[in-house]
Amino acid sequence: MTNIRNESIDLLFNTIMDLSSVDEFYDFFTDVCTVKELQDMAQRLQIAIMLDKGISYQNITKETGVSAATIGRVSRCLNYGSGGYRSVIDRMKNKTDR
């Protein structure tokens, strides 16, 4: 993976960590991102969760309407990326196991 870390991105991530409610997240992200960008990010997370559950590309495409190329990209990140998807999926699983 390309190292994109820099002072500006650190500032962005630290700012996000300071948000304290879903409403604050909506306010911030709707200012920073387009609606399409937010929908795309949410959809990628949904795809990662579905892949983790073992759902086939064909069924993911049928349910979400995304291309096999997009599913493949998410799959590569899930399996060989920085571990971000894996971390949040495992955290979600731990919350539901409580």
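Here the structure is a predicted model, which is why all the values come from computation and not from measurement.

## Some details on the overall build of the chain
Broken down by element type, the chain carries 6 helices and 0 strands. Listing the helices and strands of the chain from first to last along the sequence gives α-α-α-α-α-α. In the chain, buried positions account for 19% of the 98 residues. Summed over all atoms, the accessible surface of the chain reaches about 7500 Å², with 53% contributed by carbon and sulfur. The chain carries 12 positive and 13 negative side-chain charges, and their two centres are separated by 11 Å.

## Observations concerning a negative patch on the surface
Taken together, the side chains of Asp 23, Glu 24, Asp 27 and Asp 31 present a region of like negative charge at the surface. By the element assignment, Glu 24 lies in helix α2 (residues 22-32).

## Here we look at the packing of helix α3 (residues 35-52) against helix α4 (residues 57-64)
Where α3 meets α4, the closest approach of the two axes is 10 Å, and the angle between their N-to-C directions is 145 degrees. In terms of crossing hand, the pair formed by α3 and α4 is right-handed. Taking contact as the criterion, the partners of Gln 43, Gln 46, Ile 47, Met 50 and Leu 51 in α3 are, on α4, Tyr 57, Ile 60, Glu 63 and Thr 64. For the contact of α3 with α4, a count of residues per class yields 5 nonpolar, 3 polar and 1 charged.

## So, the state of the cysteines
One pass over the full model with this rule turns up 0 disulfides. Note on Cys 33: no disulfide assigned, nearest cysteine sulfur contributed by Cys 77 at a separation of 17 Å. Using a relative accessible area of 19% as the deciding quantity, one classes Cys 77 as buried.

## With respect to the pattern of salt bridges
If you walk through the whole model with that rule in mind, you get 5 salt bridges. Between Asp 40 and Lys 36 there is a salt bridge whose closest N-O contact spans 2.8 Å. Placement of the pair is Asp 40 and Lys 36 together in helix α3, with a separation of 4 residues, close to one helical turn. Taking the relative accessible area as the measure of exposure, Asp 40 reaches 22% and is therefore partly exposed. Residue class for Lys 36 comes out exposed when judged on its relative accessible area of 53%. The partner of Arg 86 in a salt bridge is Asp 52, and the shortest N-O contact between them spans 2.8 Å. Here Arg 86, found in helix α6 (residues 84-97), pairs with Asp 52, found in helix α3; they are 34 residues apart in sequence, far enough to count as distant. Among the residues examined, Asp 52 registers a relative accessible area of 23% and is labelled partly exposed. A cluster of three or more residues bridged by salt bridges with shared partners is formed by Asp 52, Arg 86, Asp 90 and Lys 93.

How each quantity is defined
- Residues numbered from 1 in each chain as written.
- Predicted model: local features only at pLDDT ≥ 70, side-chain atom pairs only at ≥ 80, totals over all residues.
- Heavy atoms only, no water.
- Helix = DSSP H or I, 4+ residues; strand = E, 2+ residues; numbered from the N terminus.
- Buried < 20%, exposed > 50% of the residue type's maximum accessible area, 1.4 Å probe, protein only.
- Areas by Shrake-Rupley, 256 points an atom, 1.4 Å probe, with all protein chains shown as cover.
- Lys, Arg positive; Asp, Glu negative; His and termini not counted.
- Charge placed at Lys NZ, Arg CZ, Asp CG, Glu CD.
- Patch = residues over 30% accessible without salt bridge, like charges linked within 9 Å, V, L, I, M, F, W, Y side chains within 5 Å.
- Salt bridge = Lys/Arg side-chain N within 4 Å of Asp/Glu carboxyl O.
- Axes fitted to C-alpha atoms, helices over the stretch in contact; angles between N-to-C directions.
- Left-handed = near helix turned anticlockwise from the far one by under 90°.
- Contact = heavy atoms within 4.5 Å.
- Nonpolar A, V, L, I, M, F, W, Y, C, P; charged D, E, K, R; others polar.
- Disulfide = S-S within 2.5 Å.

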